[in-house]
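Structural overview
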Amino acid sequence: MKPLIFSIIIIISISLNINAQCPNKISKWVELIEDEYPGENLQKVGATKIKTIVYNLYSDKFFISIFKKPFDEVNTKKLDLIASIATDPSCVRTLPGRKWEVTSPARDAVGKSRNYYNKAFSYELIKAKVIELRQIRKENKVLLSDVNSDNPQIAFNSLIDWKVKINNNYAALLLPSELTYLNTIISKKEHEIADKELNLKLENIIKADDNYATLQTLISFKKDNQQLYPYASQENQSHIENETTIKINRILNNILSEDIKKSNTKFNQVNQVNEFYKSFSNKFKALSDYKQIKDVKAKIIEAKINILFADKEKIKNEIKASVKLNELSNIENLYLSHLDSVTVNEVEDLRMQLVNKKIEIKEQQKREDLAQQERLINQQIQEIQQHKLAEERKLARYGFSFNTSLVNETLIKNIFKGDFDKLSIYRDDQYFIALISSYMYAKSKKCESSLPSNKVPIYDIECVEKTTQRNGWGEVVNEYCSKYEYRPQEGYTSPELFEAFKAINDIKFNERGKDAIKVLIKLHTTGLDKVPDQGLSVNTLKSDMYNLFDLNPCNNTALQRFEENLIRFAHNQPPLQIDGTVKEHNINYNRNYDFKSFINHLIDENSKNWAVNQYIKNSVSNVRITKAEDLNTPLYIIANYKFSGYLGTQNSWVKLTFNNGFPDCLYFKDYPNTCRTADRTIVKNFINGQYISY
């Protein structure tokens, strides 16, 4: 029996809900706001628009007409009615947005809302918006009353401020119809009020005295009223232009009498005329198109031309006596300034004389410059010859005679003299290995009988094993040498020279550049016409080394000194000077050195030759120094640094070795057995004390 009764209750309840209608007051209330959004489904509006709708539903404009009192004064009974529709299925399709958004303020007011998800529609917030909308509409009503009157009192700036408020401050509060209406009214009145204010300001200026101060006000009238001008009607703008022009002409006729009188005065000096013209032009710069201004300027120019007529011969003599271009410029500025449009014969004659004199002075200056350049070249040639003679005398004093008339003469002489600091090559670059290998093979062939008794056979690197890579079809896609060995070659050399060659060869060949180095160390086996194009310096170095033995006998002491320094440079040792002494590098390691900055600069310079990675400057850290026993001299330094590459920022390390206290080689983590010579310039700065910490 009980299940039957329960089923009947459910059926009756459903029947009642189907037939029930949303309360009439609520329907009328919602219809008011729907009229503001014709054809729009208010149940699917966005968050911003639903807020505007709710603010206005509870505002006086819509609430009082339905519930007879403002929202902030209405009784609890009416608030209960609004709150109850949140659970009334018949109102779900009537209310804008989601039902809780419209009903939340009332539910919150009567304590039926937990208010944890609808803070944007709380009673206090909606009440504040209702009060704000009440004040806005009250203010708009007052302003509209004034604007729509026959004689609006609102100032143009206030009108624009009101417009800005409507479209910025009130845009999310007022309804679309209100915004459209207010903007339409303001747009219609902008021109009227702008015209009114401009005409009033102009009227005051027109009434003012005809003096220079009033003239300045007229000139700046448009600029001073630049906010009003764009809104003024075209007709009124034309009216203002006409009235302004009439007033300006009247003022000019009144105030120019003194200037006209002065322009008729007989001037004695041209600079007096120039000063008057400049002063007058600056004073009336904005009115240069007015006839009165043009007339006064014409009189001033006429006075200047009269002076030119009287002083014509004097001016010609000044032009003739000028020897510098700036002198002619001064003459031109003094006598011909402001006369650009004047075509009087005497003026044209002076212009032509100035042009011709300028050409004459420029030609003379050109001749003098060429003569000076020639003197400097002759002086440099003489200095070079004197230096060469002094050098030859110095060589002769030490028993040297060295013929170096070769392509790379300077390089060869610097090695011979021990001026390693002046060398343009490094011991681990392709040019030096080309130089030392070519010298070794040239001496082997041309001075075979002069070789020492302990001579050794020359060994060279050759490929002894190749690796071939094939694709899935058996086609060869790559072939490279996978194993190299030193093999004996034709010819002999001294043990010292071979060790130097091998040291450089090992530096260049170890772990990188094998095929490229192969070309360089095999230069001695081919003619120049068969050498791959590795650059002019590489080719000429081989040629120079062979020609060096044609120019100098094998037992030449200078040639022997050249070889000694070639070996020293290969081993990164101090050179022998002309007098036979060793140029030692005395470094006082008892001082405190900034090794961190020193290594940072060495890595930075070396990284300029890196193929892919980029050194992160000033990233050197954790500098560790290993020193010789019982000495303060470093043996080597290891430091960490950072670089960026394909895998982003990475950590690495570098080892800097010292040779008898002299900074020698950089060994990087990726090539730990490859010596990369420390930059010569940075090392020189280190030796000279630039990295000492004070």
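1. Regarding the overall build of the protein chain
Counting its regular elements, the protein chain contains 26 helices and eight strands. On C-alpha atoms alone, the protein chain measures out to a radius of gyration of 50 Å, which is more than a quarter above the 26 Å that the 2.2 N^0.38 rule sets for 694 residues. Considering only C-alpha atoms, the protein chain reaches an extent of 130 × 125 × 60 Å along its principal axes. For the protein chain, restricting intrachain contacts to residue pairs at least 6 apart in sequence, the fraction spanning at least 24 positions comes to 64%.

2. Notes on the layout of surface pockets
Reported here for the second largest pocket is a volume of approximately 360 Å³. Taken together, 23 residues form the lining of the second largest pocket, with Phe420, Asp421, His585, Phe662 and Arg680 sitting closest to its centre. Mapped by element, the contributors of at least two residues to the lining of the second largest pocket are strand E7 (662-668) and helix H26 (680-687). Its residues assigned to classes, the lining of the second largest pocket shows 10 nonpolar, six polar and seven charged.

3. Things to note about the packing of aromatic side chains
Per the stated rule, a full pass over the model turns up 34 aromatic pairs. Considering the side-chain rings of Tyr641 and Phe643, the 6.4 Å spacing of their centres and the 45 degrees angle between planes classify their relative orientation as tilted. Comparing Tyr641 with Phe643 shows no difference in burial state: the two are buried. The rings of Tyr589, Tyr593, Phe595, Phe598, Phe658, Phe686 and Tyr691 are connected pair by pair, giving a single aromatic cluster. Directly above the aromatic system of Tyr426 lies the positively charged group of Arg680, at a separation of 4.5 Å from the ring centroid.

4. Quick notes on the pairing of strand E8 (residues 671-677)
Bridging between E7 and E8 involves three bridges; their strand directions are antiparallel. The residue of E8 that forms the bridge with Cys665 is Thr677. In sequence, E7 turns back onto E8 through a hairpin of two residues.

5. Description of a positive patch on the surface
On the surface, Lys25, Lys28, Lys68 and Lys77 cluster together into a patch of positive charge. Within the secondary structure layout, Lys28 lies in helix H2 (residues 24-34).

6. Looking at the nonpolar core
The nonpolar side chains of soluble globular proteins are, as a tendency, buried together. Ile26, Trp29, Tyr58, Trp162 and Leu252 are the most contacted members of the largest nonpolar core, which has 96 residues in total. The residues contacting Tyr58, other than those within four sequence positions of it, are Trp29, Phe63, Phe71, Ile82, Val102, Thr103, Pro105, Ala106, Ile126 and Val130.

7. Examining the state of the cysteines
As enumerated under the stated definition, the model contains three disulfides in all. Each sulfur of the disulfide joining Cys665 and Cys675 lies 1.8 Å from the other. Classification of the bridge connecting Cys665 and Cys675 rests on its S-S torsion, roughly -70 degrees, and on that basis the disulfide is left-handed. Residue Cys665 is located in strand E7, and its partner Cys675 is located in strand E8; the two are separated by 10 residues in the primary sequence. Across the pair, Cys675 and Cys665 agree in class, each one buried.

8. A closer look at the side chain of Gln292
For Gln292, the location among the structural elements is in helix H15 (residues 291-310). Within polar-contact distance, the side chain of Gln292 engages the side chain of Asn249 at 3.0 Å. If we ignore the near neighbours within four places in the chain, the residues touching Gln292 are Asn249, Leu252, Asn253 and Leu256.

9. Describing helix H14 (residues 270-283)
Its 14 residues place the ends of H14 20 Å apart at the C-alpha level, agreeing with the 20 Å of an ideal helix rising 1.5 Å per residue. Listing the buried residues of H14 in full gives Val270, Val273, Asn274, Phe276, Tyr277, Phe280 and Ser281. The buried side chains of H14 occupy one side of the element, clustering within an arc of 165 degrees when seen end-on. Facing away from the buried surface of H14 by more than 90 degrees, the exposed residues are Glu275, Lys278 and Asn282. Considering only its buried residues, H14 is in contact with helix H13 (257-263), H15 and helix H17 (325-335).

10. Describing the packing of helix H20 (residues 430-446) against helix H24 (residues 557-570)
Their axes nearest at 11 Å, the elements H20 and H24 cross at an angle of 140 degrees. Taken together, H20 and H24 sit at an angle that is classed as oblique. Between H20 and H24 the crossing geometry is left-handed. Note on element contacts: H24 touches H20 through Leu559, Phe562, Glu563, Leu566, Phe569 and Ala570, opposite Phe432, Leu435, Ile436, Tyr439 and Lys443. Classifying every residue of the contact of H20 with H24 by side-chain character gives nine nonpolar, no polar and two charged.

11. Examining the confidence of the model for the protein chain
In this model, the protein chain carries an average pLDDT of 85, and 91% of its residues clear a pLDDT of 70 or more. Low pLDDT (under 50) marks residues 1-19, which in the prediction has zero contacts with non-local residues, meaning those over four places away or in another chain. This model gives residues 511-536 a pLDDT under 50, and the stretch forms 52 contacts once residues within four places in sequence are excluded.

12. Overview of the pattern of salt bridges
Evaluation of the coordinates by the stated rule reveals 26 salt bridges. A salt bridge links Lys129 to Glu132, with the nearest nitrogen and oxygen atoms 3.9 Å apart. One end of the pair is Lys129 and the other is Glu132, both in helix H7 (residues 123-147) and three residues apart, which spans about a single turn. Put simply, Glu332 and Lys358 hold a salt bridge, and the shortest N to O gap is 3.1 Å. One end of the pair, Glu332, is in helix H17; the other, Lys358, is in helix H18 (residues 345-397), with 26 residues separating them in the sequence. Of the residues examined, Lys358 reaches a relative accessible area of 26% and is grouped as partly exposed. Beyond isolated ion pairs, a larger network of salt bridges with shared partners links Asp60, Asp72 and Arg134.

13. As for the packing of helix H9 (residues 176-207) against helix H12 (residues 234-255)
Orientation of H9 relative to H12, taken along the N-to-C sense of each, is 10 degrees, at an axis distance of 11 Å. The pairing of H9 with H12 is recorded here as roughly parallel in orientation. Between H9 and H12, the residues in contact are Asp195, Leu198, Asn199, Leu202, Ile205 and Ile206 and Asn236, His239, Ile240, Glu243, Thr244, Lys247 and Arg250, respectively. The class makeup of the residues in the contact of H9 with H12 is five nonpolar, four polar and four charged.

14. A few points about the environment of Glu101
Within the secondary structure, Glu101 sits in helix H6 (residues 99-109). Along the primary structure Glu101 and Asn183 are separated by 82 residues, whereas in three dimensions their C-alpha atoms are 30 Å apart. Excluding residues within four positions of it along the chain, Glu101 makes contact with Ile50, Val54 and Phe121.

Definitions and cut-offs
- Residues numbered from 1 in each chain as written.
- Predicted model: local features only at pLDDT ≥ 70, side-chain atom pairs only at ≥ 80, totals over all residues.
- Heavy atoms only, no water.
- Helix = DSSP H or I, 4+ residues; strand = E, 2+ residues; numbered from the N terminus.
- Rg over C-alpha atoms; globule rule 2.2 N^0.38 Å.
- Contact = heavy atoms within 4.5 Å.
- 1 Å grid on protein atoms, 1.4 Å probe; cavity = no way out; pocket = protein on both sides within 12 Å on 5 of 7 lines; lining within 4 Å.
- Points joined across faces, edges and corners; volume = space filled by probe spheres on them.
- Nonpolar A, V, L, I, M, F, W, Y, C, P; charged D, E, K, R; others polar.
- Phe/Tyr/Trp six-rings, centres within 6.5 Å; stacked < 30°, edge-to-face > 60°.
- Buried < 20%, exposed > 50% of the residue type's maximum accessible area, 1.4 Å probe, protein only.
- Lys NZ or Arg CZ within 6 Å of the ring centre and 35° of its normal.
- Pairing = 2+ DSSP bridges.
- Patch = residues over 30% accessible without salt bridge, like charges linked within 9 Å, V, L, I, M, F, W, Y side chains within 5 Å.
- Areas by Shrake-Rupley, 256 points an atom, 1.4 Å probe, with all protein chains shown as cover.
- Salt bridge = Lys/Arg side-chain N within 4 Å of Asp/Glu carboxyl O.
- Lys, Arg positive; Asp, Glu negative; His and termini not counted.
- Charge placed at Lys NZ, Arg CZ, Asp CG, Glu CD.
- Core = buried A, V, L, I, M, F, W, Y, C linked by side-chain atoms within 4.5 Å.
- Disulfide = S-S within 2.5 Å.
- Polar contact = N/O pair within 3.5 Å; in protein donor to acceptor, adjacent residues only side chain to side chain.
- Expected span 1.5 Å × (residues − 1).
- Arc of directions from axis to C-beta.
- Axes fitted to C-alpha atoms, helices over the stretch in contact; angles between N-to-C directions.
- Parallel < 35°, antiparallel > 145°, perpendicular 65-115°, else oblique.
- Left-handed = near helix turned anticlockwise from the far one by under 90°.
- pLDDT = per-residue confidence, 0-100.

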